[in-house]
Amino acid sequence: MTQISKDKLSNIDSTKLGTDTLVDANISIAPPSALYSSTVSIDSTKIENGAFTQNTQQVSETTSDNDLSTNTTELSDVYSKTTSSQTSTVSVDTTFVIPETGDQDLKTITTSETNELAIDGSAVSSTASSTASSTLSADSNKNTSFSSPIDYQATDSIKINLESEKMQMFNESQVKTQEQQINAYYIEVDIQKNLVHANYGLDTADNEIGYPVFKDRQSEYEVQKMSYNIKSKKAVVKDILTKEGEGYIRSDVSKRIAEDTFFLKDGRYTTCDNHDHPHYYIKLKKAKMIKDDKVITGPANLVIEGVPTPLGLPFGLFPLKKRYSSGIIIPSFGEEKTRGFYFRDFGYYWAINDYYDLRLNGSIYTNGSWEVNTNTTYKKRYRYNGRFNFSYAMNQFGDKGLDDYRKTKDFSLRWTHSQDSKAHPYRTLSASVNISTSENDYRNARSIENIVNSTKQSSVSYSRRWPDSPFNLSVALQHSQNRRDTTISLTLPNVSFSMQTQYPFRSKERVGELKWYDMISVSYNARLTNTIRTHEDKLFKSDLKRDWRNGFKHDIPIGASYKLAKDLTFSANVRYSAVAYINSIRKSYDPMLDKVVNDTIDGLQYAHNFTTNTSVSYTPKYFGMYNFKKDSKVQAIRHVLSPSLSFSYTPDLGIENDRLFRSFDNNVSDELIRYNILSQGVYGVPQKAMQSGYINFSLDNNIEMKVRNTDDTTSNEDLKKIKLLESFRLSTSYDVFRDSMNFSNISLSGRTSLFNNKVNVQMSGSIDPYAIDEAGVRINKFAGGLGRLTSAGFSVGTAFNGDTFKSKGTDNNTPPNDVDAVNDGVIGGDEVFGDLNDVETFNDINEYVDFDIPWSVRLDYNFQYTKPRDKANTSQYLRLSGDVSITPKWKVSVSTGYDFSQSEVTTTSFSVFRDLHCWEMRFSAIPFGQRQSFSFHIGVKSTLLKDLKLQKRDSWYDNF
């Protein structure tokens, strides 16, 4: 490739370039004006031979080669020049290649009729296309300005002035270095001064097109006009717009002094994406922006809908870091009736590293109450993730010295941990811990769900298995507590060791069918437990020997199962069970206390026993089919019967264990009272089996219907299946060796879905075949008829929305109705409204406010009946929740219910939400009841400016 050095550009006879140096003269351009002292002034413009040419002369130069003068901030005005319709154009793409050395004697540059560009005997081919492009290279032997090659191109034309060493490009122009790239309608390159000027253009309708876009290695900016020094990499920019994190920064005049540093004048910061007319912004008189770090401002004030507000700051800092960073947590202010004014959730967030963080915050109240919280979140990809939270609160109520004064100390501990399945193939650690004092949820909880829920449960488990081994080990901590009576149960530890089922007589290289002894199996299970059940205030005062119950238990089941026929199975089992305890009890009557007392005797105690069992089961399936006429919409109805009949026999075998029994005189009865010294053991005592023989019977029904598929035109299937009755099951048993009341209760259960799975129905019941006497005690006498109904339940639930009744052929992305969720009770106010008093609820409101669904309704009805003896109890309630989008921006939600047994309305709440584009407004309220409260919020959606809000609330804390 032939190249021309910069110092020999002056030797080129520019008059011999002819009209071929400009591809298209029918253009509209926006070149710099004479206001730029570093550019050229235009003396005249004319059109010759269908080409657009300019006679230029150089003016004074006040800009140095290494920087931009502050006097050059004004950019050229836009002007356009268009040739007449009679002017012809030249559409030849000429590629100029400028050599690196100056060894050749250059005299002329012309384009021949064969589209070849002759440069001192060296030929470079030129093709007729719509894009002109070239490369400027540095002269390695001269003191040139460019330190690296510059690629440039344009769609319409490129004009080079060899005398002034300037180049102009028109329409979709581009200048590209190794690190930067500028795209614009018009670009001018001043080779002598290392400057690149970029501007927009005008189309035939005088619309602005081709705004300059500056790109570097990390970011991209859209501007109106700019001048850029290639060597110093500094720039002066007019009307810059850049997106930083969740926000947008726009400035009338900016100066780029380093790769990531800008000085801004008359800037605006907003999270609104309406760039020309944002709904709000923070006006910055002057500011400094450090890319991906922060914006530091001088005086700033809030502007809403173009109207300046008196809300302002003498200075400010906006973080722009893409990764999370440490910082102060802004508190909230308010008032409670019981604890006074508060300064809530002030603290510090510490971004420890990419895997862990820590949040410390606290709250204080004017009546002397205070609270501290610590929260950490951790996550390591493909290893584990979790969250830990601990809070401690001291609450004071009333006035000191008066009867109503009360002081409580509460704590709460929450921990969740899960291990990725890829972390380790043989070890697993998981945790779900939720422990607190009972008063903590009354005074310090932030959600209604925590207040309503009266029970808590926790579990921490570690499991281990060995490769190529049947053995497994698990260690767990378990906890449960009831807030109403302050009872707590804790198991620490709960160790389990097991061996999977093994077939000891099977050969690893078996050939042929299995022998009868090949079906014999054996397994092993062992457990070690240490547990206590007490009250909260006594837990940490308990004694391990006196209050905790602990023990060891293991089982060795041996069995075999044989298939005698298609649906007939025979099985036999032998089980060895044993327990071990570190102490036992002795009972005696204390005449001083006038009651029976238990004394704990230390010493290892071991007890064991064995049981045997044989059973035969028959589980066939029967199908019934009724076919309709071929032209009928209903084609067939199928009924599936699944009966199960089995007989289980347990012989009177085992060990008496007389050594475990003692007797004492209770000073009431004439006979001694016999008891087992291990009766209070956590696993009890393996008892000798009593002879029993149970005949078990169950019957399950399933009814389905096949109809013609006339609704769904998109389906390729002609028939579709409808479930009329998914399941209706009844079961009972009969003990052949019992002397009386041999029948067990008859259990009934059923479920089905109606109207194409839009309505879910469930039912259950229990029937006692025996009657009761006047005292309510069961007697050996049949109740008559089918028996005595002791319990029954019925529930029906549905969830539907505006798209529910649309045909399947319509295009909608609405998820199917989750009827099961409705029947599981997930339709209450908490699911619809979230936490009415939690600030974070409002920040995340868009996560569950779905404006794509015009309306939705959830309905659930539940009925329960119990009559264990002579008195019947019934309970029934109705739950209703729904929402409707009045307009694309307005949404109203309601949740309520009615308890028929109490004849009262259950917790009712409603919410109104308004989408304000970059803002949001929400009003939520519980108008009556114990949780009566309201909350009003209007604020910015962005989490970055979440504290830019107006909020008013009346807390339900004050109702206690």
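Residues numbered from 1 in each chain as written. Predicted model: local features only at pLDDT ≥ 70, side-chain atom pairs only at ≥ 80, totals over all residues. Heavy atoms only, no water.

1. Looking at the overall build of the protein
Piece 1. Of the regular secondary structure elements, the protein holds 5 helices and 58 strands.
Piece 2. Counting only residues that meet the buried cut, the protein has 40% of its 960 residues in that class.
Piece 3. Sequence-distant contacts, at least 24 apart, represent 53% of the contacts inside the protein between residues at least 6 apart.
Piece 4. Carbon and sulfur atoms make up 52% of the accessible area of the protein, which amounts to about 53100 Å² in all. (Helix = DSSP H or I, 4+ residues; strand = E, 2+ residues; numbered from the N terminus. Buried < 20%, exposed > 50% of the residue type's maximum accessible area, 1.4 Å probe, protein only. Contact = heavy atoms within 4.5 Å. Areas by Shrake-Rupley, 256 points an atom, 1.4 Å probe, with all protein chains shown as cover.)

2. Some points on the pattern of salt bridges
Close approach of charged atoms allows side chains with opposite charge to pair.
Piece 1. Applying the stated criterion across every chain yields a total of 18 salt bridges.
Piece 2. We note a salt bridge from Arg256 to Asp216, for which the minimum N-O separation is 3.4 Å. One end of the pair, Arg256, is in strand β18 (residues 247–258); the other, Asp216, is in the loop between β14 (213–215) and β15 (220–222), with 40 residues separating them in the sequence. The same class applies to Arg256 as to Asp216, namely buried.
Piece 3. Among the salt bridges present, the one from Arg751 reaches Glu726, with a minimum N-O distance of 3.7 Å. Placement of the pair is Arg751 in strand β46 (residues 746–754) and Glu726 in strand β45 (residues 719–735), with a sequence separation of 25 residues.
Piece 4. When its relative accessible area of 43% is taken as the criterion, Arg751 is described as partly exposed.
Piece 5. For Glu726, a relative accessible area of 21% translates into the label partly exposed. (Salt bridge = Lys/Arg side-chain N within 4 Å of Asp/Glu carboxyl O.)

3. What to know about the nonpolar core
Piece 1. Judged by nonpolar contacts, the single largest core of 44 residues is most densely connected at Met169, Ile187 and Met226.
Piece 2. If one sorts the elements of this core by residue count, strand β20 (residues 280–290) sits on top with 5 residues.
Piece 3. Contacts of Met169, omitting those with residues within four sequence positions, involve Tyr152, Gln153, Ala154, Ser157, Ile158, Gln174, Val175, Tyr185, Tyr186, Ile187 and Val189.
Piece 4. Membership of the second largest hydrophobic core comes to 10 residues, among which are Val579, Leu660, Phe664 and Ile677. (Core = buried A, V, L, I, M, F, W, Y, C linked by side-chain atoms within 4.5 Å.)

4. Things to note about the pairing of strand β34 (residues 471–482)
Piece 1. Judged from the 11 bridges that link them, strand β33 (residues 455–465) and β34 form a sheet pairing that is antiparallel. Among the inter-strand pairings, Ser463 is bridged to a residue of β34, identified as Ser474.
Piece 2. Where β33 hands over to β34, the hairpin turn is made up of 5 residues, of which Asp468 adopts a positive phi near 55°.
Piece 3. Note: β34 against strand β35 (residues 487–502), 11 bridges, orientation antiparallel. (Pairing = 2+ DSSP bridges.)

5. Digging into the environment of Val634
Piece 1. Within the element layout of this structure, Val634 appears in strand β41 (residues 634–650).
Piece 2. Once the C-alpha coordinates of Val634 and Lys720 are considered, the two residues, 86 residues apart in sequence, prove to be 10.0 Å apart.

6. Remarks on the environment of Ala560
Piece 1. Along the chain, the position of Ala560 falls in strand β37 (residues 549–563).
Piece 2. Given a relative accessible area of 12%, Ala560 falls into the buried group.
Piece 3. As a C-alpha pair, Ala560 and Tyr517 span 43 residues in sequence and 8.3 Å in three-dimensional space.

7. So, the side chain of Lys456
Piece 1. Summarising the element assignment, Lys456 is placed in strand β33.
Piece 2. Using a relative accessible area of 9% as the deciding quantity, one classes Lys456 as buried.
Piece 3. Every residue in contact with Lys456, bar those within four places of it in the chain, is listed here: Asn434, Ser436, Asp441, His479, Ser480 and Gln481.

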